[in-house]
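# Report on the structure
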Amino acid sequence: MDHRAACFNPVMAQTEVMVEVFAVASGKGGTGKTTAALALGMALAEEYTVTVVDADTGMANLLFHTGLDDADVTLHDLLIEGRTATVSDAVYDRFGMRVVPCGTSLDGFRAADPDRLREVIAELSRESDVVLLDSPATLAAKSAVLPVVLADRTITVLQPTIPALSDGLKLREYARSYGTGSAGVIFNRVADPSAVDRITEHTERYFDGPILGVVPESDAVQDAREAGEPLLAHAPDAAAARAFADIAAKLDVQQQDAAAVADRFRSAVIPDSPSGE
Ligand SMILES: Nc1ncnc2c1ncn2[C@@H]1O[C@H](COP(=O)(O)OP(=O)(O)OP(=O)(O)O)[C@@H](O)[C@H]1O
Ligand SMILES: [Mg+2]
């Protein structure tokens with residue numbers, strides 16, 4: 001279905017721009033957030049204008065997954081005081097998506113003012129149907145809580161274990177306290193499907209969102225990273241790629257007026273991290 005046709009309203013058509021912003025998060029490192037953000041982004045890009053942002057400003061690595069290692073302008077350049085770069089300077093068309101990479105230098109991170117992310121995402125959301133924020137692993141700094149606070153909904157990427165679910169629940173509790181909804185959970189790196197069976201009941205009981213799908217452990221994921229390509233570009237027929245594509249098809253994107261979303265970002269009071277850092 002063409003969502004633009006579905007949204008068409010002759011009165012609003014001139015001004016109405018719709019968007020949903022997702023934070024791809026986990027509460028834990030190395031669960032597959034970056035892999036998932038790019039895989040879902042590529043799949044959703046078949047229907048929507050998708051922007052994937054490396055919002056992991058302290059430990060950025062999305063650039064390596066998209067062949068943008070040498071990107072001239074990155075998110076860091078947009079977060080410094082008195083910046084000269086425009087937001088569009090940091091947007092790269094890659095694999096059918098708009099990709100905003102982040103630099104990897106410590107100096108770049110130190111100079112970046114996390115509060116400025118609000119304005120950047122507001123601007124990106126005006127030009128996208130879907131924004132995916134590849135989020136940091138923990139909530140240990142102001143820069144790390146921002147994506148979860150600003151997003152409309154989280155997509156939580158977990159391995160199917162009780163400790164991982166417990167980390168994911170903490171993240172959800174925090175996100176919910178800022179009014180961020182839940183699109184659901186992805187179980188990733190699943191080598192043994194019975195591990196998911198064992199945790200399904202707990203997940204359904206405690207987690208405020210559906211289990212969106214299960215992605216198998218696959219060598220294709222690391223191969224794609226080494227090739228500097230998203231999984232869906234590198235190995236679209238791999239079982240893991242197909243699983244992400246199925247999950248993207250299940251995401252009922254709930255777009256809202258981009259101007260209202262932009263206003264919400266601008267007025268958001270950004271908390272310090274839960275640990276007060
Ligand atoms: N389904 C999978 N099968 C095999 N390996 C995977 C899978 N998903 C992710 N990986 C591997 O796990 C590692 C972490 O993946 P990724 O960088 O996407 O996670 P992350 O949650 O973004 O990590 P970080 O918290 O460091 O940002 C990478 O080496 C990646 O290749
Ligand atoms: Mg990552």
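Not measured: the values here are computed from a predicted model.

This brings us to the overall build of the protein. Check the secondary structure of the protein and you find 13 helices and nine strands. On the principal axes, the C-alpha backbone points of the protein span a range of 50 × 50 × 40 Å. Within the protein, the proportion of its 277 residues that are buried is 47%.

Attention now goes to helix α6 (residues 117-126). Listed as buried for α6 are Leu117, Ile121, Ala122, Leu124 and Ser125. With its buried residues spanning 165° around the axis, α6 presents them on a single face. In this structure, the buried side of α6 is in contact with β1 (18-25), β2 (50-54), β4 (97-100), β5 (130-134), α7 (142-150) and α13 (258-267).

What surrounds ligand 1 is a group of 20 residues, the closest being Gly29, Gly32, Lys33, Thr34 and Thr35. If you list the elements that add at least two residues to the shell around ligand 1, you get α2 (33-44), β7 (181-190) and α10 (219-227).

A separate point is the pairing of strand β8 (residues 211-216). Pairing analysis gives four bridges linking β7 to β8, with the strands arranged parallel. What sits directly across from valine 185, in β8, is isoleucine 211.

Before going further, it helps to spend a moment on α7. Most of α7 is tucked away: eight of the nine residues are buried. Among the residues of α7, those classed as buried are Ser143, Ala144, Val145, Leu146, Pro147, Val148, Val149 and Leu150.

Quick look at the nonpolar core now. Val24, Ala39, Leu40, Leu132, Leu133 and Phe244 are the most contacted members of the largest nonpolar core, which totals 83 residues. Considering every element that reaches this core, the biggest residue donor is α2, with eight residues. Among all residues touching leucine 133, those that are not within four sequence positions of it are Val21, Phe22, Ala23, Val24, Val53, Ala55, Pro147 and Ala151.

Right, let's get into the packing of α2 against helix α12 (residues 239-250). The geometry of α2 relative to α12 is characterised by a closest axis approach of 9 Å and an angle of 60° between their N-to-C directions. Between α2 and α12 lies a crossing of right-handed hand. Of the residues in α12, those touching α2 at Ala36, Ala39, Leu40, Ala43 and Leu44 are Ala241, Phe244, Ala245, Ile247 and Ala248. Along the lines of polarity and charge, the residues of the contact of α2 with α12 split into ten nonpolar, no polar and no charged.

α13 packs onto α6 with a crossing angle of 175° between their chain directions and a minimal axis gap of 8 Å. Judged by the inter-axis angle, α6 sits roughly antiparallel to α13. Between α6 and α13, the residues in contact are Arg118, Glu119, Ile121, Ala122, Ser125 and Arg126 and Ala258, Val261, Ala262, Phe265 and Arg266, respectively.

Attention now moves to the pairing of β7. The buried fraction of β7 is high, at seven of ten residues. Here six bridges tie strand β6 (residues 153-158) to β7, and the two strands are oriented parallel to one another. Each residue of the ladder has a partner; that of arginine 153, found in β7, is glycine 181. Chirality of the crossover, the property in question, places the unit of β6, helix α8 (residues 162-177) and β7 among those that are right-handed.

Looking now at the environment of lysine 250. Mapped onto the elements of the fold, lysine 250 is located in helix α12. Judged by the 11 C-beta atoms lying within 10 Å of it, lysine 250 falls in the exposed class. Between the C-alpha atom of lysine 250 and that of glycine 213, which follows or precedes it by 37 residues, the distance is 8.9 Å. Those residues in contact with lysine 250 that lie beyond four places of it in its chain are Leu212 and Gly213.

So, how was this worked out
- Residues numbered from 1 in each chain as written.
- Chains lettered and ligands numbered in written order.
- Predicted model: local features only at pLDDT ≥ 70, side-chain atom pairs only at ≥ 80, totals over all residues.
- Helix = DSSP H or I, 4+ residues; strand = E, 2+ residues; numbered from the N terminus.
- Buried ≥ 20, exposed ≤ 12 C-beta atoms within 10 Å, placed from the backbone.
- Arc of directions from axis to C-beta.
- Contact = placed C-beta atoms within 7 Å.
- Near = placed C-beta within 6 Å.
- Pairing = 2+ DSSP bridges.
- Core = buried A, V, L, I, M, F, W, Y, C linked by C-beta atoms within 7 Å.
- Axes fitted to C-alpha atoms, helices over the stretch in contact; angles between N-to-C directions.
- Left-handed = near helix turned anticlockwise from the far one by under 90°.
- Nonpolar A, V, L, I, M, F, W, Y, C, P; charged D, E, K, R; others polar.
- Parallel < 35°, antiparallel > 145°, perpendicular 65-115°, else oblique.
- Right-handed = clockwise from strand over helix to strand, strands pointing away.

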